[in-house]
Amino acid sequence: MDLLKKINNNWIKKFSYPLIISGPCSAENEKQILKISNKLNKSYVEIFRSGIWKPRTKPGMFEGVGENGLKWMVKAREKNNILLATEVANKHHIKLALKYKIDVLWIGARSTCNPFTMQEIADNLKNYNNIVLVKNPLNLDIELWIGSIERLIKNNIKNIGLIHRGFSIYKSYKYRNEPCWLEVLKLKKKYPNIPIICDPSHIAGNTERIYEISEKAINFGYDGLMIETHNNPKKALSDSNQQITPENLTKILNKILLKKKINKQYINDLNMYRTNIKEIDENIIHLLHNRFITSKNIGKIKNKYNIEILQKEIMLKIKENYKKMCNVLNLDEHLIQQIFDEIHKKSIEIQIK
Ligand code: PEP
Ligand code: MN
């Protein structure tokens, strides 16, 4: 049997729709945790998030405050009657998160892509009854994401949700982590029972796109949003570029949720493919931009060494390669030829300049 079909979505029905999770990227000190949790608009935010152990790219960066942070979070829960969520990545984290009765655990993108880590987490959460949210792995490997979830289900963990936080792709032009909506929506379509939450903060990597990504996710029928908030984003010790103030979160949510009365939509196929086409087109434009910059650099070298701009032999080889690719991909060779004739014309113009 397909293990993912066993996932229980009753847990999310106990929250309002859409479920809003918010709080800082990292817990930094008690005052900060209490300030943010006090300021979050409780008519929207039902779960307060905060990272306690931070997976950073390089050693020596701020790596989280550890157990003390859990104590501050517990105070925030008592004062604000809000549920708590934190990231766990090993058995030590799990032991402490359970000790402080953290209500929701999430598994970060760097853990989901490591089967050893996932197995350790799953084994140490055996029969866990609370909510576990699994972020997509860093790389665009949906099977790896599914595999991580299967490890949890095999350990009798059923209150599971997914967090779509985007994928790390070489040269993403617009986002910190490319959303790759189509891949995630296909998964959502295959397993409509699995709650799925969008994390616009880690997709965007900046504050400007939070609104646009959140609105898109809601229109695609996502069950909730996880958005990072900080009382003083510029001074945040991690992810300072993407955190917004609790006040701005309220403004964004007002705009999205009040604009239209949201019906929980089923996934609209046409919308899904349209979004994909738009992103492909934007990537083509960025690639062309890159190509013309490269042409300029080639032009400089040719000029320096007095090399002829148009080298017929090289051009023939390039064209031969396009032809081969068209055969493999079953593409109209003449169309591709026409497109590249235009691109080459422009390239030569740039090089001459
Ligand atoms: C986070 O939520 O702060 C975090 C580290 O996220 P991710 O695992 O998506 O990078
Ligand atoms: Mn973060």
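Note that this is a predicted model, so its numbers are computed, not measured.

1. Notes on the nonpolar core
Argument step 1. The biggest cluster of nonpolar side chains holds 75 residues, and the ones touching the most others in it are Phe48, Trp145, Ile149, Leu152 and Tyr222.
Argument step 2. Phe15, Leu19, Ala85 and Val104 belong to the second largest nonpolar core, which has 14 residues in total.

2. Remarks on the domain arrangement of the chain
Argument step 1. Taken domain by domain, the chain comprises domain 1 (3-259) and domain 2 (269-352).
Argument step 2. Here domain 1 packs against domain 2, burying approximately 1,100 Å² in sum over the two surfaces, 54% of which is carbon and sulfur.
Argument step 3. If you sort the residues of domain 1 by the area they bury against domain 2, Tyr173, Leu182 and Phe220 come out on top, with a joint share of 49%.
Argument step 4. Counting across the interface, domain 1 meets domain 2 through one salt bridge.
Argument step 5. In this structure, the salt-bridge partner of Lys174 is Glu282, at a minimum N-O distance of 2.7 Å.
Argument step 6. Remark: the boundary between domain 1 and domain 2 carries three residue pairs in polar contact (both at pLDDT 80 or more).
Argument step 7. It is helix H8 (residues 181-190) that contributes the most residues to the side of domain 1 that touches domain 2, five residues altogether.

3. Some words on the pairing of strand E5 (residues 131-135)
Argument step 1. By the criterion of burial, E5 is predominantly enclosed, with five of the five residues buried.
Argument step 2. Here E5 shows two buried faces, one formed by Ile131, Leu133 and Lys135 and the other by Val132 and Val134.
Argument step 3. In the sheet, strand E4 (residues 104-107) pairs with E5 via four bridges, with the strands oriented parallel. Note that in E5 the partner of Ile107 across the bridge is Val134.
Argument step 4. Bridge analysis of E5 against strand E6 (residues 160-164) gives four bridges, and the strand direction is parallel. Of the residues in E6, the one forming a bridge with Val134 is Leu162.

4. Quick notes on the pattern of salt bridges
Argument step 1. Taken as a whole and judged by the stated rule, the model has 14 salt bridges.
Argument step 2. Here Glu342 and Lys345 are joined by a salt bridge, their closest N and O atoms 3.5 Å apart. One end of the pair, Glu342, and the other, Lys345, are both in helix H14 (residues 333-352), three residues apart, so they sit about a helical turn from each other.
Argument step 3. The class for Glu342 is partly exposed, based on a relative accessible area of 49%.
Argument step 4. Looking at Lys345, the relative accessible area reads 54%, which means it is exposed.
Argument step 5. Through salt bridges that share partners, Lys174, Lys278 and Glu282 make up one connected network.

Scoring rules and cut-offs
- Residues numbered from 1 in each chain as written.
- Chains lettered and ligands numbered in written order.
- Predicted model: local features only at pLDDT ≥ 70, side-chain atom pairs only at ≥ 80, totals over all residues.
- Heavy atoms only, no water.
- Core = buried A, V, L, I, M, F, W, Y, C linked by side-chain atoms within 4.5 Å.
- Buried < 20%, exposed > 50% of the residue type's maximum accessible area, 1.4 Å probe, protein only.
- Domains from an automatic or database assignment.
- Buried area = accessible area lost by both parts, 1.4 Å probe.
- Salt bridge = Lys/Arg side-chain N within 4 Å of Asp/Glu carboxyl O.
- Polar contact = N/O pair within 3.5 Å; in protein donor to acceptor, adjacent residues only side chain to side chain.
- Helix = DSSP H or I, 4+ residues; strand = E, 2+ residues; numbered from the N terminus.
- Pairing = 2+ DSSP bridges.

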